[in-house]
Every structure is written in C-alpha cells, then in structure tokens.
Amino acid sequence: MGDMILAWRNVWRNPRRSLLTILAIVFAAVLLVFMLSFQFGSYEDMINATVRQSTGHLQVQSPGYHDRQEMHLVVADAQHLVAEIEPINGVNNVALRSEAFALMSGEKRSRGTTIFGIQPEKEKKVTTLPRQIKQGRYLQKGDHGVALIGSLLAKRLQLTIGDECTMLGQGKDGSIAAALFTIIGIYTTGVDAVDRATVHITFADFNHIFFMEKAAHRVIITAEHLADITPITQALQSNPAFRSLTILTWDKLAPGLRQSMELDLISGIIMYIILVVVVAFSVLNTFFMAFFERTREFGVLLSIGARPARLVRMILTESMLLTFTGIALGTLIGIGLTVYFSHQGISFGDGGELLAQYGFEDRFYPRLSWISACLGPALLLIITFFTALIPALKVPGLKPVDALRSC
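Nothing here was measured: the structure is a model prediction, and the numbers come from that model.

Caption draft 1: Representation of the overall build of the protein chain in the model. For the protein chain, the helix and strand inventory stands at 15 helices and 12 strands. Expected size for 407 residues packed as a compact globule is a radius of gyration near 22 Å; at 32 Å, the protein chain overshoots this value by more than 25%. C-alpha atoms of the protein chain, sized along the principal axes, occupy 100 × 50 × 30 Å. Split into buried and exposed, the 407 residues of the protein chain put 47% on the buried side. Only carbon and sulfur atoms are counted for the fraction: they give 61% of the accessible area of the protein chain, which is about 20,400 Å².

Caption draft 2: Summary view of the pattern of salt bridges. Following the criterion strictly, the structure yields eight salt bridges and no others. The closest approach of N and O atoms between Arg218 and Glu99, which form a salt bridge, is 2.7 Å. Of this pair, Arg218 sits in strand β9 (residues 218–223) while Glu99 sits in strand β2 (residues 91–105), placing them 119 residues apart in sequence. Exposure remark for Arg218: the relative accessible area of 11% places this residue in the buried category. A relative accessible area of 12% means that Glu99 is categorised as buried.

Caption draft 3: Up close: the pairing of strand β8 (residues 198–202). With five of five residues buried, β8 lies mostly within the body of the structure. Note that strand β3 (residues 110–118) and β8 share five bridges and pair parallel. The residue bridging Ile115 from the neighbouring strand is Val199, located in β8. Pairing of strand β5 (residues 146–150) with β8 involves two bridges; the strand directions are antiparallel. Within the sheet, the bridge partner assigned to Leu148 lies in β8 and is His200.

Caption draft 4: Structural context of helix α2 (residues 15–55). For α2, built from 41 residues, the straight-helix expectation of 60 Å at 1.5 Å per residue is met to within 8% by its first-to-last C-alpha distance of 58 Å. Two residues or fewer past α2, Gly56 is found with a positive phi of approximately 80°.

Caption draft 5: How the structure looks around the packing of aromatic side chains. In the structure shown here, the tally under the stated rule is five aromatic pairs. With centroids separated by 5.1 Å and ring planes inclined at 80°, the aromatic side chains of Tyr340 and Phe341 adopt a geometry described as edge-to-face. Note on Tyr340: relative accessible area 48%, which makes it partly exposed. A centroid spacing of 5.4 Å and a plane angle of 80° characterise the contact between Phe385 and Phe386, whose relative ring orientation is edge-to-face.

Caption draft 6: The arrangement of the nonpolar core in detail. Grouped together as the largest cluster of nonpolar side chains are 29 residues, with contacts concentrated most on Val60, Ile85, Val219, Ile221, Leu236 and Phe242. When residues of this core are traced back to their parent elements, those giving at least two are α2, β1 (58–61), α3 (78–85), β2, β9, α8 (229–237) and α10 (255–293). Leaving out residues up to four positions away in the same chain, Ile221 has contacts with Gly56, His57, Leu58, Val60, Ile85, Val91, Asn93, Val94 and Leu236. Within the second largest apolar cluster, 27 residues are counted, among which are Val11, Leu32, Tyr272 and Val312.

Caption draft 7: Layout of the layout of surface pockets. Size it by volume and the largest pocket reaches roughly 620 Å³. Along the wall of the largest pocket there are 23 residues; nearest its centre are Gln53, Ser54, Arg97, Phe116 and Val194. Elements that contribute at least two residues to the lining of the largest pocket include exactly α2, β2, β3, α6 (192–195) and β8. The element that contributes the greatest number of residues to the lining of the largest pocket is α2, accounting for four residues. Across the lining of the largest pocket, the residue classes break down as six nonpolar, 13 polar and four charged.

Caption draft 8: Region of the structure containing a nonpolar patch on the surface. A cluster of nonpolar side chains, namely Trp8, Trp12, Leu19, Leu20 and Leu23, defines an oily patch on the protein surface of about 490 Å² accessible area. It is α2 that provides the largest number of residues to the nonpolar patch, a total of three residues. Following the sequence through the fold, Leu20 ends up in helix α2.

Caption draft 9: Spotlight on unusual backbone geometry. Despite not being glycine, Gln158 has its phi angle at roughly 55°, a positive value. Note that Gln158 resides in the loop between α5 (151–157) and β6 (164–170). The residue Lys214 is not glycine, and still its phi comes out positive at about 70°. Inspection of the secondary structure assignment puts Lys214 in the loop between α7 (203–209) and β9.

Caption draft 10: Representation of the packing of helix α12 (residues 308–344) against helix α14 (residues 370–392). For the pair α12 and α14, the least separation of the axes is 9 Å and the interaxial angle reads 160°. The orientation of α12 relative to α14 falls into the category roughly antiparallel. Two packed elements cross with a definite hand, and for α12 against α14 that hand is right-handed. Where α12 abuts α14, its residues Val312, Ile315, Leu316, Ser319, Met320, Thr323, Phe324, Ile327, Thr331 and Ile335 lie against Ala373, Pro377, Leu380, Leu381, Thr384, Phe385, Ala388, Leu389 and Ala392. For the contact of α12 with α14, the per-class residue count stands at 15 nonpolar, four polar and no charged.

Cut-offs applied
- Residues numbered from 1 in each chain as written.
- Predicted model: local features only at pLDDT ≥ 70, side-chain atom pairs only at ≥ 80, totals over all residues.
- Heavy atoms only, no water.
- Helix = DSSP H or I, 4+ residues; strand = E, 2+ residues; numbered from the N terminus.
- Rg over C-alpha atoms; globule rule 2.2 N^0.38 Å.
- Buried < 20%, exposed > 50% of the residue type's maximum accessible area, 1.4 Å probe, protein only.
- Areas by Shrake-Rupley, 256 points an atom, 1.4 Å probe, with all protein chains shown as cover.
- Salt bridge = Lys/Arg side-chain N within 4 Å of Asp/Glu carboxyl O.
- Pairing = 2+ DSSP bridges.
- Expected span 1.5 Å × (residues − 1).
- Phe/Tyr/Trp six-rings, centres within 6.5 Å; stacked < 30°, edge-to-face > 60°.
- Core = buried A, V, L, I, M, F, W, Y, C linked by side-chain atoms within 4.5 Å.
- Contact = heavy atoms within 4.5 Å.
- 1 Å grid on protein atoms, 1.4 Å probe; cavity = no way out; pocket = protein on both sides within 12 Å on 5 of 7 lines; lining within 4 Å.
- Points joined across faces, edges and corners; volume = space filled by probe spheres on them.
- Nonpolar A, V, L, I, M, F, W, Y, C, P; charged D, E, K, R; others polar.
- Patch = residues over 30% accessible without salt bridge, like charges linked within 9 Å, V, L, I, M, F, W, Y side chains within 5 Å.
- Axes fitted to C-alpha atoms, helices over the stretch in contact; angles between N-to-C directions.
- Parallel < 35°, antiparallel > 145°, perpendicular 65-115°, else oblique.
- Left-handed = near helix turned anticlockwise from the far one by under 90°.

Written out as structure tokens, the structure is:
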C-alpha cells in the first residue's frame, strides 16, 4: 500500500506532463469505445437493411437451388412448413416466394426478366419493397392479373401505370407459361440490376401460371434480432420436416455483404492499432523523461540497498496508475457518449433521406456491447504496459556510481 501511495505521488511530480498523458489516453479510450460501438452498430443496421430488401435473415430452399435457380427445385407443401416455422422463438415473419425467368413484352419492346411470385400481405413484413413504390400502388391480397415492375425495366419496355404487358416462360412441369398483366406499380430500389430486370406478381398468380402446385422456391424468414438467427437455425435443423431441405443464413445468401464488413473491420482495426501506438509513444516519452530526470534518485536508492526489482515495480506501478486513470475516465465517457447516441442516433442530414428511400434507416445507431466497451481499453492497457516496461527495465542495468554522477 505504501508503494502504491508513493507511486501515485511520483506520477504528479510533473503534473502538466502527467495530465497531458492522461488526456491522450482518455481521448484514445473514448474514440475506441465509441467507434467500435458505432462500427458494430452500423454492421447490424446494414445487415437488417440488406436482408429486408430481398433475402431475409434465413431461407429454406430445396438442395442445390441456391447455386442454380432451376424451376423444378422447389420446396413442396411450403405452407405446411410456414406453420412449423412461425411458432419458433425469435421468428418475426415468414413469407413464401417463387421466381422464374420469362420474356416480358410491351407493345414495342421485349426483355428477359425475373418474375417473382410473392404474398403481398406477408412480403411487406419481410422486405422494404412497399416503401419503394414510386408510381401506382403495391400489390394487395386478392389482386389478380396485375404486376409491379422495376423503374428501369418499365422505361426500357416503355410501360407506365395501366399499360398491359405479356409474359412468356416455362412452367415447373416444362409446359409453356403465358399470361397478360396490367402494370399497377413501379418501384425503384436503387440497385440497377433489380430495377432493370425484375417483376413482381401475386403468389397465387405465379402458382397458377407456372403450375407450381402450392410449392415455392424460397421460404423467407426474418428474425426479431440477429442473435436469434442461430437458435432459429438449430430449431429448424432439429425438425424432421426440414432435414431434406437446405437452410441458409444471411451471410451465405449475401456473401458480398459479409466480405465488405470483414474488410471494413480489418481497416478499422488497423486504424485503432495506429491510434494505440501513438498513445503508447506518448506514454513511452513520459516515462523515459521521468527515468532520465530521476536517474540520480535511482542511484541513491540503489546505493542504500534498494533492490532493482522494487524500482522496476515502482515504475510499472506509476505507469499503470497513469494508464488506469486515463482508461477509466475514457471508457466511462465513451460509454456515456455511446448510450446517448444509441437513443438519439446519428443523422446523415440530406444523405439520410436518400438512404431512407432505398430502405435504409436515415440514422445510424451505435450498439454498446461488452466487446465494444472492453476490447479497445484492454488493447490500450496491454500495449501501454509493455511500452512502460522499456524504460523500467533500464533500472537493473544502472550502476549506482554512474547514476550518482548524472545531472
């Protein structure tokens, strides 16, 4: 206890230098806690926004359908599976979806498109498509012979609300599938590949036209929280009704999103390490200065019988007190800042309105967790400890006579 009090007094021998070092550590700790929370929160927002555009958090498919979208690879008796999924804890919504490639034709032009058969009342709970209707209206339960079309596709086919278009494709049984649709809505998702080549019709119309016999290609599942995905997957895998089917989570359905997040995380970690290294050099400078200023003092202590190990321990105690003070203050401020913005959100101004149009939140919310609150400060503590060890280990090499002669 006596050594601890003495070390604390030694820290404040040069209050200006110690205060500046503490402030540097505080700044680094605040930045690490807040930025890690913001980064993890933005990942969660990105995942939820992306999966609600099309894929859902999980999908149940026929084996092989994810790699090659062939009409005959269907989930039979899909409605029965929905009844099995909905009671599972953590499941938010479940919807059926089918898709096929077909030729869409207006009066003057034709183009190959992907036709989606959706359940309007359920699809609006699992995707953001209803909010992306720019003209006309969304599909409703009971609609027949009507379609939604991407804005770029509508432009290329020279179609607008109320126009009729014909569709020609191949049914599940290999027969010809043909139909006439009236355009009731035009949507813009912001993804050109979607807006230029997709059409949505009702699930009932799709089943009738493509002879699906109540089957579906995808069972789309959204979870209450990302943490629910693993328990839901385990529950499905343990259910005999799903053993012959493939269960895919969002990271397999959208591998590009996962890879971009991993790349962003790696670049963020590099920046955080650079920040910690800069702070470590500040601590190193502080204790090298203290070492050189106190060389004569160390010589006196060594000459009267003080053990070098005790002096090393003293210097390390001083460095840890300095570091702990900065990290504790910085972590508390960082947590407070994160909690505030986790409720208020961080607005992107005019850019937020643009994001909202494409199904993304107009604000990003940091997510405080044990990892974001502890990872940065722990890294800071470890690196500053080893940094302070460099000047401390010079003490055993001091010769009392040479130390006493130093200025």
